[in-house]
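# Observations on the model geometry
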Amino acid sequence: MDTEILVIGAGAAGLSAALNAAPRRVLLLAPEGPEASSTELAKGGIAAPVGQGDSVALHAADTLRAADHSGSESMTDAIIGAAVEAIDFLERAGMRFDACGDGPGPDLHLEAGHSMPRVLHADGDRTGAAIQKALFAQAGASAHITVCRDLHAIALHGGSDGVTGITALRNGGPTVVIHAAETVLATGGVGQLFAATTNPRHAAGDGLAMALGARADVAGLEFVQFHPTALQCGLDPLPLLTEALRGAGARLTANGVRFMRNVDPRGDLAPRDIVARAVWEEQHRGHAVLLDATAIFGSERRHGFPAALAACVVQGLDPAHAPVPVTCAAHFHMGGIVITAEGRTSLPGLWAAGEAAFTGLHGANRLASNSLLEAVVIGAAAGKALRAQKLRARTRNAHAAVHQAAPLDPGRIEWRRLRELMWTVMGPVRSGPDLAAALGILRGARRRLDAADIILRQRHALAEAMIAAALAREESRGAHWRSDFAVRNRRLDGAGALRATHAA
Ligand SMILES: Cc1cc2nc3c(=O)[nH]c(=O)nc-3n(C[C@H](O)[C@H](O)[C@H](O)COP(=O)(O)OP(=O)(O)OC[C@H]3O[C@@H](n4cnc5c(N)ncnc54)[C@H](O)[C@@H]3O)c2cc1C
């Protein structure tokens, strides 16, 4: 196959890039269709400084505060400065944001870490699905985009002198070579590398792993945000019980005790990383953690949480009558492929956007609802830059193709072990000895894998790089917590330090 622009991934980032690249010819990979993305699952909303009295400066200040002395000021200004344009783009694509009942303009919600209401919703708590639906429909109707639903990217062709395309695997079948002048990685996050996650099946870091293999610059790999309240059940991914439930009065208990009172003066409303760590610690004491939302679900207020209610009911749980079991779970990756504000990576011909990329916006901790914004802003910027620039000459570098590759069976024991190990040592609380031991185990396991196990080998290599970054970061900062280095090292403050530590 042959295309001018190859976009790998069809969430908010990939779709925004593909749509903005018109009239360039785009091949868009969307394995398993439009619903297989984190964008589809995003329940909350998208942040933008559009309210009265709000400004780019205020939104940027909140973002940098959450980033724990590690956010990039210039990237934060650039991304939040483009928020209004991103909302316009979504509306032009057919999105309808929920309107305010008593006046013009969108209904704006207040979320943890934001100093004023600035989170836009669509279809109540189904904002991500509304974005996904609008952008995917637009892509399907665009003559310059060919959507391909059965190709899973497994390897990049080329390296420091330029990326020339990929090898992909067709639904368990043969490998396919795609030649492209420019390749955009928009493959989403890494949550599936962990046994407990809210991320969908394809969010296993494949794009990041391929970029790592091609020696693109990466940063912040150790920074993973954990959600404190996923519903503890047999599903994969775990359904998320929104934090707004605690905002509305739901309380966490373990062994009958409201433990958050003893952890932080803000109790159940403490920041996400603090609550996730406390849940993890209770679980490691052998206590089942429960979320008591009976007062909410036993009243009219249940109508504000249809997705949470549905998730409980499907599991045979009645949250109006009894507390429901919850666990912390891997949720969002702050690290990724280093890019410019236009999505350019360190390799010619390779671009990245969305959760797979690292802009420095989130620093060591993401502010709620900033990730959909980042995905749309950077995706759109990359698309526009691709449209404007002269395309590289296509080279048919077929010897780089991978001929032997097998699909990964989700039940495969080596994959399950990798996910369990990552959850054990790279979860909300980490320690040097555990990380060092895990690194040895994974390196040994990778050596035993077959050449055709390319997907699993790359996921092992990515997991090793994340563990090595966590081991090198001998401090606690944002979502990265080391029990053996429980304070922040002020000498590592600043956006550049996320890159420097990884390089070391
Ligand atoms: C449950 C949940 C709730 C969230 N809530 C919010 C929220 O309220 N607000 C907010 O801002 N953020 C939220 N987030 C985070 C946000 O949804 C993501 O960061 C964002 O959607 C990422 O967009 P993306 O386009 O980068 O990736 P995705 O939307 O995940 O899209 C990735 C695409 O890449 C494809 N892909 C992956 N690997 C391959 C491969 N090897 N070959 C080909 N294609 C591949 C996938 O199939 C998919 O099409 C939430 C995340 C989750 C999981």
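Right, let's walk through the structure included here.

The rules behind the values
- Residues numbered from 1 in each chain as written.
- Predicted model: local features only at pLDDT ≥ 70, side-chain atom pairs only at ≥ 80, totals over all residues.
- Pairing = 2+ DSSP bridges.
- Helix = DSSP H or I, 4+ residues; strand = E, 2+ residues; numbered from the N terminus.
- Axes fitted to C-alpha atoms, helices over the stretch in contact; angles between N-to-C directions.
- Left-handed = near helix turned anticlockwise from the far one by under 90°.
- Contact = placed C-beta atoms within 7 Å.
- Nonpolar A, V, L, I, M, F, W, Y, C, P; charged D, E, K, R; others polar.
- Near = placed C-beta within 6 Å.
- Core = buried A, V, L, I, M, F, W, Y, C linked by C-beta atoms within 7 Å.
- Buried ≥ 20, exposed ≤ 12 C-beta atoms within 10 Å, placed from the backbone.
- Parallel < 35°, antiparallel > 145°, perpendicular 65-115°, else oblique.

Pairing between the strands of a sheet comes from backbone hydrogen bonds, and it takes one of two forms, parallel or antiparallel. On the basis of which strands lie adjacent, the open sheet formed by four strands has the order 11-14-13-12 and antiparallel pairing. Of all the strands in the sheet, just strand 11 (224-231) and strand 12 (251-254) have a single pairing partner and so form its edges. Direction aside, the axes of adjacent strands within the sheet are offset by 45° on average.

What follows concerns the packing of helix 1 (residues 12-20) against helix 6 (residues 127-140). Contact geometry of helix 1 with helix 6 gives a least axis separation of 10 Å together with a crossing angle of 30°. At the point where helix 1 passes helix 6, the crossing takes the left-handed sense. Facing helix 1, whose interface residues are Ala12, Leu15, Ser16, Ala18 and Leu19, helix 6 presents Ile131, Leu135, Phe136, Gln138 and Ala139. In the contact of helix 1 with helix 6, the residues fall into eight nonpolar, two polar and no charged.

Around the ligand, the structure places 41 residues, and the nearest of them are Gly9, Gly11, Gly44, Gly188 and Gly354. Mapped onto the shell around the ligand, the elements with two or more residues apiece are helix 1, helix 2 (38-41), strand 7 (151-159) and helix 12 (370-388). At four residues, the largest contribution of residues to the shell around the ligand is made by helix 12.

We now examine the environment of Ala12. Counting through the fold element by element, Ala12 comes out in helix 1. In the structure, Ala12 is positioned 174 residues away from Ala186 in sequence and 8.6 Å away in space, judged by C-alpha atoms.

Counting residues in each nonpolar core, the largest one holds 163 residues, and the members touching the most others are Val184, Ile337 and Ala353. By residue number, the principal contributor to this core is helix 15 (residues 454-472), which donates eleven residues.

Our focus in this paragraph is the sheet that holds strand 10 (residues 218-219). Across the sheet, which stays open at both edges, the three strands sit in the order 10-15-17 with mixed pairing between neighbours. At either margin of the open sheet sits one strand with a lone partner, and together these are strand 10 and strand 17 (357-358). In this structure, strand 15 (residues 336-338) lies alongside strand 17, joined through two bridges in parallel fashion. Within the sheet, the bridge partner assigned to Val338 lies in strand 17 and is Phe358.

Let us look at the environment of Ile79. Mapped onto the fold, Ile79 is located in helix 4 (residues 73-81). Once the C-alpha coordinates of Ile79 and Ala381 are considered, the two residues, 302 residues apart in sequence, prove to be 9.9 Å apart. Beyond its immediate sequence surroundings of up to four residues, Ile79 is in contact with Thr359, Leu361, Leu373, Glu374 and Val377.

This paragraph deals with the packing of helix 7 (residues 206-213) against helix 15. Axis angle and axis distance: for two packed helices, these are the angle between their axes and the distance between the axes, and together they describe the pair. Following both chains from N to C, one finds helix 7 and helix 15 inclined at 80°, their axes separated by 9 Å at the closest point. As judged from the angle between their axes, helix 7 and helix 15 are roughly perpendicular. Of helix 15, the residues touching helix 7 (which contributes Asp206, Leu208, Ala209, Met210, Leu212 and Gly213) are Gln458, Arg459, Ala461, Leu462 and Ala465. Tallied by class, the residues present in the contact of helix 7 with helix 15 amount to seven nonpolar, two polar and two charged.

This part takes up the pairing of strand 13 (residues 289-292). Residues Val289 and Leu291 line the buried face of strand 13, whereas the alternating positions Leu290 and Asp292 sit on a face that is not buried. Where strand 12 and strand 13 come together, four bridges link them in antiparallel fashion. Of the residues in strand 13, the one forming a bridge with Leu252 is Leu291. Inspection of the sheet shows strand 13 paired to strand 14 (residues 324-333) by two bridges, in the antiparallel sense. Across the sheet, Leu290 pairs through a bridge with Pro325, a residue of strand 14.

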